[in-house]
Amino acid sequence: MKLVAAVFLLVCAASAQADTVVDVLKSLGTEGTLIALVQKANLVSALEGKGPFTVFAPLDSAFAALPKELVAKLEANTTLLAKVLEFHVASGNVKSSELKNNLLVPSLAGPNIRINIYNAHEPAVITANGAPVTKPDNVAGNGVVHVIDQVMYPVPTGSVVDVITGNTSLSTLATAVSKAGLVATLSGTGPFTVFAPTNEAFAKLPAGVLDGLLKNVTALTDVLTYHVVPDVYYDAGLYNGQMLKTVEGKEVAIKTSKASVMVNDATILAHLSGYNGVVQVIDAVLIPPSMHFELVYNNRK
């Protein structure tokens, strides 16, 4: 009788481990949209294969937060949809205990998924390309599922410089970066966080300030490097009262509220991932304290 019971338990354990990552997604009850999209992209059979796979699975609420036009675009273009979904999957069985800060995990789509661990407060927050992991280590027979609360989109295909030059709302910044000779530096391995003022942010500077900077490479470089932090800080890694040392040498101050996240007096509008860091789009230009009087006051006279 004991032998029969032992065999039964072994069979049950084997059956449980036989569940694939697709089965785990279904059992979670929060991944209906992801499952539907995996089916639409014809990826079910692949994810039911031997693997192993590590899946970063956005919640239904994460897909609901996407712009409707983006969802429609993904549903209409199954090639693009498959690439986005494959960016959420890595080869291997990587548990949360194996994740390290700034670890780069190759995705099935090709580009790396950047892992960050922010431990300023307990419990530590793990992110995958900025998306916080809310429920890690859902084990399957062919891998593991980590639930995340954002969709990792767009898929990063270039450096932070490529992100800036590819965004029309950041064209003034792109010109300034080129003028200061920082393209090669910001195309390097990094990692970097670039607080990137929009064109409108530059337009709000007092008359003459931008033109003056573009004519003075030393001053321009000081201002631009004051926008760069030599590490990766997505929103989940920013907290009220935090001070971040910039490449320029001085610190910027982080202020958070329920409504916004700010760096100095600039509000963060969005984040865009590059393979060597993140671009945090902001609505004002950051001026180093030592230069503020010279650049702003003198140009108002």
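Residues numbered from 1 in each chain as written. Predicted model: local features only at pLDDT ≥ 70, side-chain atom pairs only at ≥ 80, totals over all residues. Heavy atoms only, no water.

## Here's the deal with the packing of aromatic side chains
As a reminder, the rule being used: Here the aromatic set is Phe, Tyr and Trp, taking the six-membered ring for Trp, and pairing holds for ring centres within 6.5 Å; pairs whose planes are under 30 degrees apart are stacked, those over 60 apart are edge-to-face, and all others are tilted. Secondary structure elements follow DSSP: runs of H or I no shorter than four residues count as helices, runs of E no shorter than two count as strands, and numbering proceeds from the N terminus.
A complete count under the given rule lists one aromatic pair for this structure. The interplanar angle of 25 degrees and the centroid separation of 6.2 Å between the aromatic rings of Tyr118 and Tyr233 together place this pair among those described as stacked. Of this pair, Tyr118 sits in strand S4 (residues 112-118) while Tyr233 sits in the loop between strand S9 (228-229) and strand S10 (243-245), placing them 115 residues apart in sequence.

## Some thoughts on the sheet that holds S10
Basically, it comes down to this: We call two strands paired when DSSP finds no fewer than two bridges between them.
Taken in spatial order, the seven strands of this open sheet run S9-S8-S14-S13-S12-S11-S10, and their pairing is mixed. Of all the strands in the sheet, just S9 and S10 have a single pairing partner and so form its edges.

## Comments concerning the pattern of salt bridges
Short version of the rule: Salt bridge, as applied in this entry: a Lys or Arg side-chain nitrogen positioned within 4 Å of an Asp or Glu carboxyl oxygen.
For the structure shown, the criterion picks out two salt bridges. The closest approach of N and O atoms between Lys250 and Glu248, which form a salt bridge, is 2.9 Å. When the shortest N-O distance is used, the salt bridge between Lys255 and Asp265 registers 3.1 Å. Remark: Asp265 occurs in the loop between strand S12 (261-263) and strand S13 (266-274) and Lys255 occurs in strand S11 (residues 251-256); sequence separation between them is ten residues.

## Focus on the sheet that holds strand S2 (residues 89-91)
Basically, it comes down to this: Convention adopted: a line fitted to C-alpha atoms gives each axis, helices being fitted over their contacting stretch, and angles between N-to-C directions are expressed from 0 to 180 degrees. Contacts between residues were defined by any pair of non-hydrogen atoms, one from each residue, lying within 4.5 Å.
The strand order across the open sheet formed by seven strands is S2-S1-S7-S6-S5-S4-S3, and the pairing between neighbours is mixed. Looking at strand neighbours, the two that pair on one side only are S2 and strand S3 (103-106), the edges of this open sheet. Sheet twist, expressed as the average angle between the axes of neighbouring strands with direction ignored, equals 30 degrees. Alignment of strand S1 (residues 53-58) against S2, held across three bridges, turns out to be antiparallel. The partner of Val55 across the bridge, within S2, is Val89. Packing against the sheet, helix H2 (residues 21-28) makes contact with S1, strand S6 (131-140) and strand S7 (143-148), and its axis sits at approximately 35 degrees to S7.

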